[in-house]
Amino acid sequence: MKTVFISGGGTGGHYYPALAVAQALKEKGYKVVYIGTDKGIEAKKGFPYADEVILFEMEAVRGRGLLGKVKGVYSLLKTTFKVKKVIEKENPIFSVCFGGYTSFPLGVGSFLTKTPLYIHEQNSIPSYTNRLLSLFAKKIFITFEYTKKFFNPTKTFLTGMPLRKAIVEEAKKYIYTPKDKKTVLVVGGSQGAKKLSQITVNLAKTLPEIEFILIKGKWEVDIPSLNNLTVYDYYENMEKLYKQADIVVSRSGSGTVNEILAFGKYAIFVPYPYAASNHQFYNVKWLYDLGLCEIVEEKDLTEEILKEKINQSLNKNLLKLHQEIKKYSILNSVDKIVESF
Ligand SMILES: CC(=O)N[C@H]1[C@@H](OP(=O)(O)OP(=O)(O)OC[C@H]2O[C@@H](n3ccc(=O)[nH]c3=O)[C@H](O)[C@@H]2O)O[C@H](CO)[C@@H](O)[C@@H]1O
């Protein structure tokens, strides 16, 4: 059986596309070995489509003080040499990395062992890990057209974002039907967004005619008991919530953006302002320029502004927008990637 190594974790944004591609590789008969971190989402949820899951100690470098950066670099280099040993033992035919610091050890380990390397970039503006890995990657798969300019064009391919199978299957069948009672889904990415969550709770009190579904993530938020507000810390089957929603209010992490496109939802995006190189803003700027979403920057986010945007959005022709937005979704991303190996 041919072995493939795969890496991408830490947060849902790297983990879910890695999982979607791993599932397809497994179905094609490959032995899949997953390399992740012992602190990421993969440590909590496991990595179901891998034959072997190896979790190492890895620390981020970005967004930390000098000492933290030194510790991060040290942990990544130490882990790279451990991963290199595993590669030498298992002899994979290729490796696939989904970016973020958790991909560094497998990416560099693949380079050191001359294992063909493929990388996928989820965001409009590439992470530093992927910029480095792109220098020796065989092919670079990108999610947004905008990203082409950052990589060598001869080995860069637009594949879109690999989404979970359940999401793709539901999205393919889904056609939006406007209802009288409107539902607003508010989601802060896999980690939530505190200010957005608090504002949503306040809005649910003042807009009783609208149904709110809030995914609040890990944050502590005061939740009153209201008939029109349902709150989850985390929701496993997101396709159900996307189908229920008339519009979505969300961070603009690539996973969520591409799921919103898949279901053709008009959305109000509040990009995470501290994302590397402001990539969350550029993940949706192109969609905004087409008139197919709203963007509210975190610094401008208030209860009044969000209320106004929600009311304006719900009064738009959401069925027409649904049909337009869906055109920008790439639902066969996993196939495009797997066929390119
Ligand atoms: C703060 C930060 O830097 N976040 C980055 C992180 O996003 P982060 O992991 O926060 O978010 P994404 O939007 O990319 O992905 C979240 C994923 O989690 C799933 N989900 C979320 C909530 C829930 O209750 N249930 C659930 O299943 C979503 O359906 C989605 O598939 O990686 C993304 C991809 O590299 C980047 O674009 C983001 O900028």
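This is a predicted model, so every value here is computed, not measured.

Side note on the packing of helix α7 (residues 194-206) against helix α11 (residues 303-314)
As a packed pair, α7 and α11 sit with axes 10 Å apart at the nearest point and diverge in direction by 65°. Where α7 crosses over α11, the two elements pack in a sense that is right-handed. In this structure, α7 uses L196, I199, N202, L203 and T206 to contact α11, whose residues at the interface are E303, L306, K307 and I310. The residue inventory of the contact of α7 with α11, partitioned by class, reads five nonpolar, two polar and two charged.

Some thoughts on empty space enclosed by the protein
Scanning the model with the defined rule gives one cavity of 30 Å³ or more in all. As for the largest cavity, its lining consists of Y176, D246, G264, K265, Y266, L318 and H322. In terms of residue class, the lining of the largest cavity is made up of three nonpolar, two polar and two charged.

Details of the sheet that holds strand β10 (residues 229-232)
Reading across from one edge, β10-β9-β8-β11-β12-β13 is the order of the six strands in this open sheet, with parallel pairing throughout. Two strands lie at the open edges of the sheet, namely β10 and β13 (294-295), each paired on one side alone. Examined bridge by bridge, strand β11 (residues 247-250) and strand β12 (residues 266-269) share four bridges and lie parallel to one another. What sits directly across from S250, in β12, is F269.

Some words on the site of the ligand
Around the ligand there are 24 residues in total, and G13, N123, T256, E259 and H279 lie nearest to it. In this structure, H279 approaches the ligand through a side-chain N or O atom, which is 2.6 Å from an oxygen atom. For the ligand, whose free accessible area comes to 760 Å², the fraction covered by protein is 92%. Mapped onto the shell around the ligand, the elements with two or more residues apiece are α1 (12-27), α9 (254-262) and α10 (279-289).

A word on the sheet that holds strand β3 (residues 52-56)
Within the open sheet, the seven strands sit side by side as β3-β2-β1-β4-β5-β6-β7. Their pairing is parallel. Of all the strands in the sheet, just β3 and β7 (156-158) have a single pairing partner and so form its edges. For this sheet, the mean inter-axis angle between neighbouring strands, taken without regard to orientation, is 20°. Sheet topology note: the strand β1 (residues 3-7)/strand β2 (residues 31-37) ladder contains five bridges and is parallel. Of the residues in β2, the one forming a bridge with V4 is V32. Relative to the sheet, helix α3 (residues 66-90) contacts β1, β2 and β3, its axis offset from that of β3 by approximately 160°.

Rules of the game
- Residues numbered from 1 in each chain as written.
- Predicted model: local features only at pLDDT ≥ 70, side-chain atom pairs only at ≥ 80, totals over all residues.
- Heavy atoms only, no water.
- Axes fitted to C-alpha atoms, helices over the stretch in contact; angles between N-to-C directions.
- Helix = DSSP H or I, 4+ residues; strand = E, 2+ residues; numbered from the N terminus.
- Left-handed = near helix turned anticlockwise from the far one by under 90°.
- Contact = heavy atoms within 4.5 Å.
- Nonpolar A, V, L, I, M, F, W, Y, C, P; charged D, E, K, R; others polar.
- 1 Å grid on protein atoms, 1.4 Å probe; cavity = no way out; pocket = protein on both sides within 12 Å on 5 of 7 lines; lining within 4 Å.
- Points joined across faces, edges and corners; volume = space filled by probe spheres on them.
- Pairing = 2+ DSSP bridges.
- Near = heavy atom within 4 Å.
- Polar contact = N/O pair within 3.5 Å; in protein donor to acceptor, adjacent residues only side chain to side chain.
- Areas by Shrake-Rupley, 256 points an atom, 1.4 Å probe, with all protein chains shown as cover.

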